[in-house]
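Chain by chain, the residues run as shown.
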Amino acid sequence: MTTTQNHAAQTAAANPVLRVPPAAPATAAAYFRASLAFHTDVSDVAAALAADGDPGFVVLDSRSTESWDQGHVPGAVHLPTALIPEQAESLLDKSVPVVTYCWSPGCNGATRAALALAELGFQVKEMLGGFEYWAREGLAYETWQGTVTRDADPLTVPVGADDCGC
């Protein structure tokens, strides 16, 4: 082993990030490509909904009625996860992809909803960030009282720019 290889091995052993080495580039590319087939984010959903015409998908809020009433993405379909098996086929078209969301990144309700829909034969993606990041990014949302918009949280979106450059 060369000195450089020995140093790299010692660094990796002591470093929790590199203790398990990164995947080979081709393996990483396949993983990240697959991840994008399963997930989308708040900004991309908002941009698609704001564009003229049909976005090509429907947004589904999988939270409780009380949560829905606190605020939801404009135009979303409300279908709590527990009701998906009995109501999804009457509310949704299997030829139209569904984007699920719940409260936040700390909640896996959108994942459970996406699983239930996929098991029924729907094409589905999960919106990362959920309703929390929709509101934190300063996007308008609906409540039983009307439309609400909060100031954008500068920790979630760039201040004074339309695009984060991601």
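What counts as what
- Residues numbered from 1 in each chain as written.
- Predicted model: local features only at pLDDT ≥ 70, side-chain atom pairs only at ≥ 80, totals over all residues.
- Heavy atoms only, no water.
- Phe/Tyr/Trp six-rings, centres within 6.5 Å; stacked < 30°, edge-to-face > 60°.
- Buried < 20%, exposed > 50% of the residue type's maximum accessible area, 1.4 Å probe, protein only.
- 1 Å grid on protein atoms, 1.4 Å probe; cavity = no way out; pocket = protein on both sides within 12 Å on 5 of 7 lines; lining within 4 Å.
- Points joined across faces, edges and corners; volume = space filled by probe spheres on them.
- Helix = DSSP H or I, 4+ residues; strand = E, 2+ residues; numbered from the N terminus.
- Nonpolar A, V, L, I, M, F, W, Y, C, P; charged D, E, K, R; others polar.
- Core = buried A, V, L, I, M, F, W, Y, C linked by side-chain atoms within 4.5 Å.
- Contact = heavy atoms within 4.5 Å.

Peer 1: How should I be thinking about the packing of aromatic side chains in this particular structure?
Peer 2: Ring pairs (aromatic) are described by centroid distance and by the angle formed between their planes. Under the criterion given, the structure shown has three aromatic pairs. When the centroid spacing of 5.0 Å and the interplanar angle of 80° are considered together, the rings of tyrosine 31 and phenylalanine 32 count as edge-to-face. For the pair formed by tyrosine 31 and phenylalanine 32, the shared burial category is exposed. Between tryptophan 103 and phenylalanine 131, the aromatic rings sit 5.9 Å apart at their centres with planes inclined by 75°, giving edge-to-face as the arrangement.

Peer 1: Looking at this model, I keep getting lost on the layout of surface pockets. Mind explaining?
Peer 2: If you roll a probe as big as a water molecule over the atoms, it shows you where there is empty space left. Its boundaries defined by the atoms lining it, the largest pocket holds a volume of some 610 Å³. Lining the largest pocket are 24 residues; nearest its centre among them are Ser43, Glu137, Val157, Asp162 and Cys164. Of the residues forming the lining of the largest pocket, the biggest block, five residues, is contributed by helix 3 (residues 42–50). Residues of the lining of the largest pocket, tallied by class, amount to 14 nonpolar, four polar and six charged. In this model, the second largest pocket occupies a volume close to 160 Å³. In this structure, the second largest pocket is lined by Phe38, His39, Thr111, Ala114, Leu115, Ala118, Val124, Lys125 and Glu126. Where the lining of the second largest pocket is concerned, the elements lending two or more residues are helix 6 (109–119) and strand 5 (124–128). Element by element, the count of residues in the lining of the second largest pocket is highest for helix 6, at four residues. Considered class by class, the residues forming the lining of the second largest pocket number five nonpolar, two polar and two charged.

Peer 1: How should the nonpolar core be read in this particular structure?
Peer 2: One recurring pattern in soluble globular proteins: nonpolar side chains tend to sit buried together. In terms of nonpolar packing, the biggest core is built from 15 residues, with Val45, Val59, Val73, Ala76, Tyr101, Met127 and Trp134 touching the most fellow members. At the level of elements, helix 3, strand 4 (98–101) and helix 7 (130–136) are the ones that each hand at least two residues to this core. If near-sequence neighbours (up to four positions away) are discounted, tyrosine 101 is found in contact with Val59, Leu60, Asp61, Ser62, Arg63, His72, Val73, Ala76, Ala110, Met127, Gly130 and Phe131. Ranked by size, the runner-up nonpolar core spans 13 residues in total, among them Leu60, Leu79, Ala116 and Phe122.

Bear in mind that shape data such as this cannot, by itself, settle questions of function.
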